[in-house]
Amino acid sequence: MFHSTTDPAEPTGPDGLVDFEFDLTEGETRRRAQVMAALGDTWDPVEVLRGEEEAHALLYSGLDEQQQRIHDDLVAAGVLPRQGRGHASP
């Protein structure tokens, strides 16, 4: 939706610019509905999170001492998420 906030008699505002706003509510609502439809009825966000945490644990398992130290430094610096924080989604 386009809505001009300028006086219709004046094509531009006093500063020479045209003020306008877009209402994206309808489009965003439609996009979200389409995403949920694409995910389907079988999508389980809790199961997705569990799978993500299992993959994270597997990825960082079996590190040698130096790799573990680097991993710990990256976690402390906030580069990598702490395990169990629910990092499957922001």
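Residues numbered from 1 in each chain as written. Predicted model: local features only at pLDDT ≥ 70, side-chain atom pairs only at ≥ 80, totals over all residues. Heavy atoms only, no water.

A. Main features of the overall build of the protein. Broken down by element type, the protein carries three helices and two strands. The secondary structure elements of the protein, listed N-terminal to C-terminal, are β-β-α-α-α. Within the span of the protein, comprising 90 residues, buried residues form 7% of the whole. Within the protein, contacts between residues at least 6 apart in sequence are counted, and of these 31% link residues at least 24 apart. Accessible surface, the protein: about 7600 Å² in total, of which carbon and sulfur atoms supply 55%. (Helix = DSSP H or I, 4+ residues; strand = E, 2+ residues; numbered from the N terminus. Buried < 20%, exposed > 50% of the residue type's maximum accessible area, 1.4 Å probe, protein only. Contact = heavy atoms within 4.5 Å. Areas by Shrake-Rupley, 256 points an atom, 1.4 Å probe, with all protein chains shown as cover.)

B. Quick peek at helix 3 (residues 65-76). With twelve residues, helix 3 extends 16 Å between its outermost C-alpha atoms, agreeing within 8% with the 16 Å of an ideal straight helix rising 1.5 Å per residue. Measuring from the backbone nitrogen of glutamine 66 back to the side-chain oxygen at the start of helix 3 gives 3.2 Å, which picks out aspartate 64 as the cap. Directly beyond the C-terminal end of helix 3, a positive phi value near 85° is found at glycine 78. (Expected span 1.5 Å × (residues − 1). Polar contact = N/O pair within 3.5 Å; in protein donor to acceptor, adjacent residues only side chain to side chain.)

C. Inspection of a nonpolar patch on the surface at higher detail. Side chains of Val35, Met36, Leu39, Trp43 and Val48 sit close together on the surface and give an oily, nonpolar patch of about 410 Å² of accessible area. At three residues, helix 1 (residues 25-39) tops the list of elements feeding residues into the nonpolar patch. Checked against the element boundaries, valine 48 lands in helix 2 (residues 45-59). The class for valine 48 is partly exposed, based on a relative accessible area of 40%. (Patch = residues over 30% accessible without salt bridge, like charges linked within 9 Å, V, L, I, M, F, W, Y side chains within 5 Å. Salt bridge = Lys/Arg side-chain N within 4 Å of Asp/Glu carboxyl O.)

D. The pattern of salt bridges, seen in detail. All told, the structure shown has five salt bridges when counted by the stated rule. As a salt-bridge pair, glutamate 28 and arginine 32 come within 2.9 Å of each other at their nearest N and O atoms. Taken together, the residues span about one helical turn, with glutamate 28 and arginine 32 both in helix 1 at a distance of four residues. The partner of arginine 69 in a salt bridge is glutamate 65, with the nearest N and O atoms 4.0 Å apart. Here arginine 69 and its partner glutamate 65 are both found in helix 3, four residues apart, which amounts to about one turn of the helix. The partly exposed category is assigned to arginine 69, whose relative accessible area is 45%. In the salt-bridge network here, residues are joined through shared partners; they are Glu28, Arg31 and Arg32.

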